Amino acid sequence: MKLCFFFLLSVLLVQFGNGQKLRVMSYNIWGWKDFGSRLNSMAQLICSNDVDVVGIQEGVDDNKNGISGFPPGSRYWRANQLCARLNAVCKNCFSCYYQIFANRCKGVSLGGGSRYDLPDGPKYVRTGEKATITKGGQRVCFLNNHWDHQAPGTHQEAANAIIRQSYSCSKAIVVGDFNTGRNAATDSILRYGFTYVHNVGIDYIMAKGLKKTYAKTIAGGYPRSDHPILVADVQPDETSWSGFYWLQ
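Residues numbered from 1 in each chain as written. Predicted model: local features only at pLDDT ≥ 70, side-chain atom pairs only at ≥ 80, totals over all residues. Heavy atoms only, no water.

Caption draft 1: Spatial organisation of the pairing of strand 8 (residues 138-146). With eight of its nine residues buried, strand 8 lies for the most part within the structure. As judged from the six bridges shared by strand 8 and strand 9 (residues 172-177), these two strands associate in the parallel manner. Residue pairing in the sheet places Leu143 in a bridge with Val174 of strand 9. Crossover handedness for the path strand 8 to helix 4 (residues 155-166) to strand 9: right-handed. (Buried < 20%, exposed > 50% of the residue type's maximum accessible area, 1.4 Å probe, protein only. Helix = DSSP H or I, 4+ residues; strand = E, 2+ residues; numbered from the N terminus. Pairing = 2+ DSSP bridges. Right-handed = clockwise from strand over helix to strand, strands pointing away.)

Okay, structure coming up:
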């Protein structure tokens, strides 16, 4: 029995150790600033960095009056326009789901998902999005987030939303503009298997069941963004037990 268990575990680890990498970008697109005139610059930046999947922020209008459940597509007009321009620039390579864009030309498929509410004080509801990314047989939950910038008391609630949404995922990536430096709220996510892959100021890439092999920061500034843009390569972590449970 012990020999059989060891053999099974060894086979699983070999399957993880195929060198497959996923290039991830977190990009606050500065949605309120001259959006239409910057579309080409934003699309070219994404395309030129050869990303597998990108999560954007400020591609959606926040929902007023605390009403949950955004009408599908109607409030995501910036995300929709950027997706269309990105496909014009990048030879129709990207599948788009809300503010998550996956590169078909790099063998990435974008599976089903959902959006979820994030707190933004008493009058607004922000949006987070979750989708399944598949590349080379590896399935990863991808969560995109934009936390409130005026009510830091909501940050732990936003962190709890990420924890709930990713709890059943053995491999997961979280990106976003958290509007806070590293603190108790961001650190609370680490208790559920995540690590900081790359973070600069208030922008983050975090991962569970995956390890960083490369990271870089693209400086912000007009016409790119008022934030730094984060890029990181991750691959399955052969030392992580989460992969074993994922394949059961």
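Caption draft 2: Looking closely at the environment of His146. Along the chain, His146 turns up in strand 8. Assessed through its relative accessible area of 12%, His146 is described here as buried. For the pair His146 and Asp120, spaced 26 residues apart in sequence, the C-alpha separation works out to 9.8 Å. In this structure, His146 is in contact with Asn28, Gln57, Glu58, Leu118, Arg126, Thr127, Asp177 and Asn179, ignoring residues within four places of it in sequence. For His146, the side chain forms a polar contact with the side chain of Arg126, separated by 3.2 Å. (Contact = heavy atoms within 4.5 Å. Polar contact = N/O pair within 3.5 Å; in protein donor to acceptor, adjacent residues only side chain to side chain.)

As far as function goes, none of this settles anything; it's purely spatial.
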